[in-house]
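Summary of the model geometry
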Amino acid sequence: MSISLEEKISNLPQSPGVYQFRDARGQVLYVGKAKKLRNRVRSYFQESKPHEIRIHVMARKIYDLEVFVTDSEAEALILENHLIKEYQPRYNIMYRDDKSYPYICVSGNGRPRVYPTRTVINDGSRYFGPYDHVGHMKRMLETIRKTFGLCTCAVSPRVIDKTRGVPKWHSCFDDYLQNCSGDWNEEEYRSVIGKVERLLYGKTEGLMREIKEEMEITSAALRFEEAAKLRDSLLSLQKYNQKMKIVDGKGMDRDLFSLDIDHDLGEACGVFFRIREGKLIGKFHRFLKNIEGLEPGKLMQSFVEDYYTGSLFTGSENSPDEVCLSHEMEDDEPLAEYLWEQHGKKVPVIVPKIGEKRQLVEMAISNARLKLSERRIEVEKAERDRIPKSIRDLKEYLRLSRLPRRIECFDNSNTMGTDPVASMVSFVDAKPRKSEYKRFRIKTVKGPDDYGSMKEIIKRRYSRVKKEKLQPPDLILVDGGRGQLNAALEALEEIGFLGECDVAGLAKRLEEVFLPDQAESVMIPKTSPALKLIQNARDEAHRFAITFHRQERKKRTLATELTAIPGIGEKTARQLLTQFGSVKQIKKATKEELVDSLGKKRGEEVYRYFEGSDSG
C-alpha cells in the first residue's frame, strides 16, 4: 500500500535535511533545505502561514515528497545547491549569467597545468575567477609566465602527452619557446604550482617577501644568474601588485555581496567582489530569476549560498576573514556553519551601515543597478521586434495612428463625493510598468463629478509631460464612455496636447470603445487579445484607484478621531499619524514623546485626552 503525502509529512524527522516536491508526473517542482524537516515541509500546507503567490500555486501541484536527512545544516546547504543545479526546478530561484566568464584552471591531474578556459568541469581541477574581463585574466597569465616561467598555453586535452603532462609537440609561445616548464623536475614543478595558486588566491605580499629572501640568499651565495631570475620575478610581481585596485586600507580578506532588484523586469542582479589583502582581485555578477514575491533577504541568501557551495569557491584557502552583505540574509546559520567547516574559525557575516565597508557595499550596489539597466535595455531591444498580437490587433480594430505600445489608463474613485482620488497605470508592450503608476488627489472638483475629475487629472498629467518633455504614451485610455472621453479631449485641447497621441474611452457596461469624432462605439470581439489588453489596463487602473481611495478614507477617519481633541486640527492630526503610524500608537505614546512632537501645551492636551483609555 502506498503511503499518502500527509502520512509522509507526519512521519518526517525533526532533523536537518533537504526536501523535494514533485508533481503527478514526477517532475521536481521545488528543492529546499530545513533545520527541522517536519516543521518546514508542513508549513507549505498550512493556510495560516504567509507565503508568496508562487508558493501557493506550487503547493496545489504537489503530489509527492522526497527527503534526504543530513547530519548538519551545512551538509543540507551543499546538497540543496547540487540538486537545484541538477533538476532546475521551476519554483526555485534560478540564475542567468549574461556571458561566459573566463577562468584560470589549475588542472587536478598528476602534473597540473595552468591555462585559460570558459568551461568549468567538476573533474577535481581548481578554477580561479571568474574574471569580469578577458584582459584581466590575460594580465594574470602574463604575470604567472613572467614571475614563475610557467607555461600557460591553452591547449586541448587531446594533444597532451599524459606521461609528461605537456603538449605532444612540446610548444610554448614567444619568449618561452626555449624553456617550456614541461621539462622541470617534479619537485620544482610542484613548488611553483603552489606559488601560482597563492598568487591566484591574492596572497601577493607573502610571495614577494619570499622571493626577495630567496634572491638575497642566492646573491650571497654568488649564484648571480639565479638571483637575476628571482629579481625579474619580483619586479613582475611588484608591477602586477601596483596595478591592483586597493579598496581596503586595513588589508583584509573580504567577500562582498550586493543585490539590486528590478520588479518591472522581474529579475534581480547580484554582484560579488573578492577582496584579498585589501585589493580587489575579482568580481562577477549574476541575474536572479523567478523572484516574484520574494524579499531581498531571501534573494541575498540564495545568491551567497549558491556561490559558496558552487565550483567558484575553492575551499579553505579561498575563505575570507569577513563577509559583507548589502541586505540581511533570511537565515545565516547554515552559511555560518558551512564557513566554519571550511575555514576552521568563525567568519563574521555583516551588513555594514557606515564607514569604508558601507562605501564598498554602495559601490557594489551601483554595479548591480548598472547591470540591471543594461539588462533592461537588452530585453526591451529584443522585444521591439516581438510586438504582442494584442497590440497589433488593437491598432487594427481602433484604426489608431500608431501601434499602442505604451498605454496610459486613467480612473476616478470617490464615495458620495468624499476623498476623491484618481489613478494612472502604464502598460508597455502589453505588460504593466508599475514603476510608472501615478496617484492623484482631486484638488479643484467638489462633489461626485466624474467628468470634472477626469478633466483635472488629464490636464495635470499631460501638462507635466509637456513641460518636462517626458515620453508621451501612444494611447490614452480613460475608464468610461463618451462623457469621460470628451472631458479628456477638452483637457488635452486646453493645454495644446491634443493630437500628440490617440485617445479612447472604454465603457464597462457593454465593453464598448469610444473614439473621438466617431459617433458609433467600436465593439472588439470578445475572444480578441486586444480586448483583454484594454480590460486589463482598465481593471488595473480601477484597482489602483480603489486602493488609494481606501487609504485616504482611512486616514481621514483616523484624523477625525484626533481632531475631536481640543486644539488639534486636521494638519496636526496628519502629522501625528505620520510620526506614530496609528491612533493606537499615539495612545501608547508617553507625555514626553507627545510634547516633543507637538510642543508643551498641545502635547499635554493629547496625553490627557487619551490618559486612562484602553490602549490595547
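To be clear, the structure that these remarks concern was listed above.
Residues numbered from 1 in each chain as written. Predicted model: local features only at pLDDT ≥ 70, side-chain atom pairs only at ≥ 80, totals over all residues. Heavy atoms only, no water.

**Comments concerning the sheet that holds strand 5 (residues 103-106)**
Spatially, the 3 strands line up as an open sheet ordered 6-5-7, and their pairing is antiparallel. One side of each edge strand has no neighbouring strand; the edge strands of this open sheet are strand 6 (114-117) and strand 7 (126-128). The sheet shows a mean angle of 30° between the axes of neighbouring strands, taken without regard to direction. Across 3 bridges, the pairing between strand 5 and strand 7 is antiparallel. Along strand 7, the bridge assignment pairs Cys105 with Tyr127. Across the face of the sheet, helix 6 (residues 186-200) comes into contact with strand 5, strand 6 and strand 7 while running at roughly 150° to strand 5. (Pairing = 2+ DSSP bridges. Helix = DSSP H or I, 4+ residues; strand = E, 2+ residues; numbered from the N terminus. Axes fitted to C-alpha atoms, helices over the stretch in contact; angles between N-to-C directions. Contact = heavy atoms within 4.5 Å.)

**Quick word on the packing of aromatic side chains**
In this description, a pair of aromatic rings is defined by centroid distance and the angle of the planes. This model, assessed by the stated rule, comprises 18 aromatic pairs. Centroid distance Phe410 to Tyr462: 5.9 Å. Interplanar angle 65°. Geometry classified as edge-to-face. Here Phe410, found in strand 16 (residues 406-415), pairs with Tyr462, found in helix 13 (residues 450-468); they are 52 residues apart in sequence, far enough to count as distant. An aromatic cluster is built from Phe257, Phe272, Phe284, Phe303, Tyr307 and Tyr308, whose rings are joined through pairwise contacts. The ring of Tyr87 has Arg22 lying over it, and the distance from NZ or CZ to the ring centre is 5.6 Å. (Phe/Tyr/Trp six-rings, centres within 6.5 Å; stacked < 30°, edge-to-face > 60°. Lys NZ or Arg CZ within 6 Å of the ring centre and 35° of its normal.)

**A look at the packing of helix 18 (residues 591-598) against helix 19 (residues 600-610)**
Where helix 18 meets helix 19, the closest approach of the two axes is 7 Å, and the angle between their N-to-C directions is 140°. Here helix 18 is positioned oblique relative to helix 19, judged by the angle of their axes. Read as a crossing pair, helix 18 and helix 19 show a hand that is right-handed. When helix 18 is examined against helix 19, the residues Lys591, Leu594, Val595 and Leu598 are found in contact with a partner set consisting of Lys600, Arg602, Gly603, Glu604, Val606 and Tyr607. The class makeup of the residues in the contact of helix 18 with helix 19 is 5 nonpolar, 1 polar and 4 charged. (Parallel < 35°, antiparallel > 145°, perpendicular 65-115°, else oblique. Left-handed = near helix turned anticlockwise from the far one by under 90°. Nonpolar A, V, L, I, M, F, W, Y, C, P; charged D, E, K, R; others polar.)

**Concerning the sheet that holds strand 3 (residues 64-69)**
Judged by pairing direction, the sheet is antiparallel, and its 3 strands sit side by side in the order 2-1-3 without closing on themselves. The open sheet terminates on both sides in strands that have one partner only, identified here as strand 2 (28-34) and strand 3. Taken pair by pair, the neighbouring strands of this sheet meet at an average axis angle of 15°, ignoring direction. Taken together, the 6 bridges between strand 1 (residues 17-22) and strand 3 define a ladder with antiparallel strand orientation. The residue bridging Gly17 from the neighbouring strand is Val69, located in strand 3.

**Looking at helix 3 (residues 53-61)**
For helix 3, every residue scored as buried is listed here: Arg54, Ile55, Met58 and Ala59. The buried residues of helix 3 all sit within an arc of 140° when viewed along its axis, so they share a single face. In helix 3, the exposed residues that point more than 90 degrees away from the buried face are Ile53 and Arg60. Where helix 3 is buried, its residues touch strand 1 and strand 2. (Buried < 20%, exposed > 50% of the residue type's maximum accessible area, 1.4 Å probe, protein only. Arc of directions from axis to C-beta.)

**Observations regarding the nonpolar core**
Grouped together as the largest cluster of nonpolar side chains are 31 residues, with contacts concentrated most on Phe257, Leu288, Leu299, Val304, Tyr308 and Leu325. Breaking this core down by element, the ones donating at least two residues are helix 4 (73-87), strand 5, strand 11 (254-262), strand 12 (267-276), strand 13 (279-289), helix 9 (296-308), strand 14 (322-325) and helix 10 (333-343). At 6 residues, the largest contribution of residues to this core is made by helix 9. Ile104, Phe148, Leu150 and Leu234 belong to the second largest nonpolar core, which has 27 residues in total. (Core = buried A, V, L, I, M, F, W, Y, C linked by side-chain atoms within 4.5 Å.)

**Topic: the pairing of strand 13**
Extensive coverage of strand 13 is indicated by the burial of 9 of its 11 residues. Examined bridge by bridge, strand 4 (residues 94-96) and strand 13 share 3 bridges and lie antiparallel to one another. Note on strand 13: the bridge partner recorded for Tyr95 is Leu288. Relative to strand 13, strand 12 is paired through 9 bridges, and the arrangement is antiparallel. Bridged to Cys269 within strand 13 is Phe287. Counting the residues that bridge the hairpin from strand 12 to strand 13 gives 2 residues, and of these Glu277 lies at a positive phi of roughly 55°.

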